[in-house]
Amino acid sequence: MKIKIIKEGMVDQTNVFGRGQTSSRGGTPKFIVIHYSYTKNPKTTVRVLNKRGLSTHYEVDQEGNVHKYAEPDSTVTFHGGKMNKYSIGIDVTSTGTFSGVQVSAVADLVSSLCSNFGIPRVVAPDGVKYTNIGQIQKAGVGILRHRNLRPTACPGNFPMDQLGHVITAGESAAEEGDGLSDTEKEKTALSLAGVFGFDKSENFMDKI
C-alpha cells in the first residue's frame with residue numbers, strides 16, 4: 001500500500017484498489033456521499049472494499065487523519081451505485097461511534113471539496129431517497145448520506161449537521177431565501193430607488 005504524507009493530517013494512499021474498481025471521470029463531481037466504514041482502521045477498510053470490488057475517494061480515521069485513495073476530479077469510485085459518476089465518496093472509520101476530531105476533519109474535508117468543485121454545502125434531509133442526479137440538483141443539495149441513495153443504515157448517526165445546512169423534507173435550498181441580509185436588501189433597494197428617481201426605498205417599493 002502506497003503511503004505518502006501530502007500535508008499534516010492528509011495521507012496519500014492512491015492506487016490501493018484493484019483493477020476495474022475505479023474508472024475515469026468525465027466532468028466534475030456534483031455531490032458528496034458520506035459513509036461509515038464499519039471497520040476499525042483504514043487498512044481493514046481497504047481490504048474489505050477490495051474484496052467486494054468497491055472503492056472510495058477518502059477515508060477519515062478516528063484520529064482525524066484523511067486517507068486519500070483516489071483523485072476526486074479525475075476518478076470515479078464505486079461507492080454509491082448508479083450515482084458514482086456524479087459523486088465523491090468519503091468513508092468515516094467507525095463501527096458506530098465517531099470522535100470529535102474525526103467529525104471536525106470530515107467537516108474540513110467537505111468544506112474544501114465543496115469550495116473546489118462548486119458543490120452546495122447543503123445536506124439532504126434524512127429519509128429522502130434520490131434516484132437520479134436531476135432530483136439532487138433540483139433540491140439544491142450537495143452532501144448526502146449513503147442511505148439517501150440506497151437501502152442501508154449507513155452512515156449511522158454521523159452528525160451531518162456539522163457538514164452544512166440540513167434542509168427538511170419537501171424543502172429545497174432555493175426556498176431558504178436569496179442569501180441577502182436585511183442590510184444588503186436595504187442597500188439594494190436604495191440603489192434601485194435612486195436609479196428610478198426616488199429618494200426613499202419605501203416609495204420605490206410602493207411603485208413596483
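Residues numbered from 1 in each chain as written. Predicted model: local features only at pLDDT ≥ 70, side-chain atom pairs only at ≥ 80, totals over all residues. Heavy atoms only, no water.

A.B. asks: Is there a simple way to explain the pairing of strand 8 (residues 87-92) in this structure?
C.D. replies: Buried residues dominate strand 8, accounting for six of its six residues. By the alternation rule, side chains of strand 8 split into Ser87, Gly89 and Asp91 and Ile88, Ile90 and Val92, which are all buried. As defined by bridge partners, strand 5 (residues 58-60) adjoins strand 8 across three bridges and the pair is classed as parallel. Bridging from a neighbouring strand, Tyr58 pairs with Ile90 of strand 8. (Buried < 20%, exposed > 50% of the residue type's maximum accessible area, 1.4 Å probe, protein only. Helix = DSSP H or I, 4+ residues; strand = E, 2+ residues; numbered from the N terminus. Pairing = 2+ DSSP bridges.)

A.B. asks: So what exactly am I meant to see when it comes to the pairing of strand 4 (residues 31-36) here?
C.D. replies: Look at any regular strand and the pattern is simple: side chains alternate between the two faces of the sheet. Counting buried positions along strand 4 gives six out of six residues, so the element sits mostly inside the fold. Of the two faces of strand 4, the one carrying Phe31, Val33 and His35 and the one carrying Ile32, Ile34 and Tyr36 are both buried. Direction of pairing for strand 4 relative to strand 8: parallel, over a ladder of six bridges. Residue pairing across strands places His35 opposite Asp91, the latter belonging to strand 8. Alignment of strand 4 against strand 10 (residues 143-145), held across three bridges, turns out to be parallel.

A.B. asks: Looking at this model, I keep getting lost on the layout of surface pockets. Mind explaining?
C.D. replies: If a probe as big as a water molecule is rolled over the atoms, it shows which places are left empty. By volume, the second largest pocket is sized at about 270 Å³. Taken together, 16 residues line the second largest pocket, and the ones lying closest to its centre are Tyr36, Leu49, Arg52, Leu54 and Asp91. Across the lining of the second largest pocket, the residue classes tally to seven nonpolar, seven polar and two charged. (1 Å grid on protein atoms, 1.4 Å probe; cavity = no way out; pocket = protein on both sides within 12 Å on 5 of 7 lines; lining within 4 Å. Points joined across faces, edges and corners; volume = space filled by probe spheres on them. Nonpolar A, V, L, I, M, F, W, Y, C, P; charged D, E, K, R; others polar.)

A.B. asks: Where do I start with the packing of aromatic side chains in this structure?
C.D. replies: The geometry of an aromatic ring pair is captured by two quantities: the separation of the ring centres and the angle between the planes. Per the stated rule, a full pass over the model turns up three aromatic pairs. Each ring, one from Phe98 and one from Phe158, has its centre 5.0 Å from the other, and the planes form 85°; the classification is edge-to-face. Placement of the pair is Phe98 in the loop between strand 8 and helix 2 (100-117) and Phe158 in the loop between strand 10 and strand 11 (165-166), with a sequence separation of 60 residues. Judged by relative accessible area, which is 18%, Phe98 ranks as buried. (Phe/Tyr/Trp six-rings, centres within 6.5 Å; stacked < 30°, edge-to-face > 60°.)

A.B. asks: In this structure, what is going on with a positive patch on the surface? I would like to understand it.
C.D. replies: A cluster of like positive charges, contributed by Lys43, Arg47, Lys51 and Arg52, occupies part of the molecular surface. Within the secondary structure, Arg52 is located in helix 1 (residues 42-52). Since its relative accessible area comes to 62%, Arg52 is described here as exposed. (Patch = residues over 30% accessible without salt bridge, like charges linked within 9 Å, V, L, I, M, F, W, Y side chains within 5 Å. Areas by Shrake-Rupley, 256 points an atom, 1.4 Å probe, with all protein chains shown as cover. Salt bridge = Lys/Arg side-chain N within 4 Å of Asp/Glu carboxyl O. Lys, Arg positive; Asp, Glu negative; His and termini not counted. Charge placed at Lys NZ, Arg CZ, Asp CG, Glu CD.)

A.B. asks: Please clarify how helix 1 should be interpreted in this entry.
C.D. replies: Structural remark: α-helix, 3.6 residues per turn; residues separated by three or four positions point the same way. The complete set of buried residues in helix 1 reads Pro42, Thr44, Thr45, Val46 and Leu49. Contacts from the buried residues of helix 1 go to strand 5, strand 6 (66-68) and strand 8. Two residues or fewer past helix 1, Gly53 is found with a positive phi of approximately 75°. (Contact = heavy atoms within 4.5 Å.)

A.B. asks: Looking at this structure, I do not really get the pattern of salt bridges. What am I missing?
C.D. replies: Within this structure, the stated rule accounts for three salt bridges. The residue Glu71 makes a salt bridge to Lys68 at a minimum N-O spacing of 2.9 Å. Salt-bridge contacts for Arg147 lead to Asp126; the nearest nitrogen and oxygen are separated by 2.9 Å. Placement of Arg147 in the loop between strand 10 and strand 11 and of Asp126 in the loop between strand 9 (122-123) and helix 3 (133-139) is noted, with a sequence separation of 21 residues between them.

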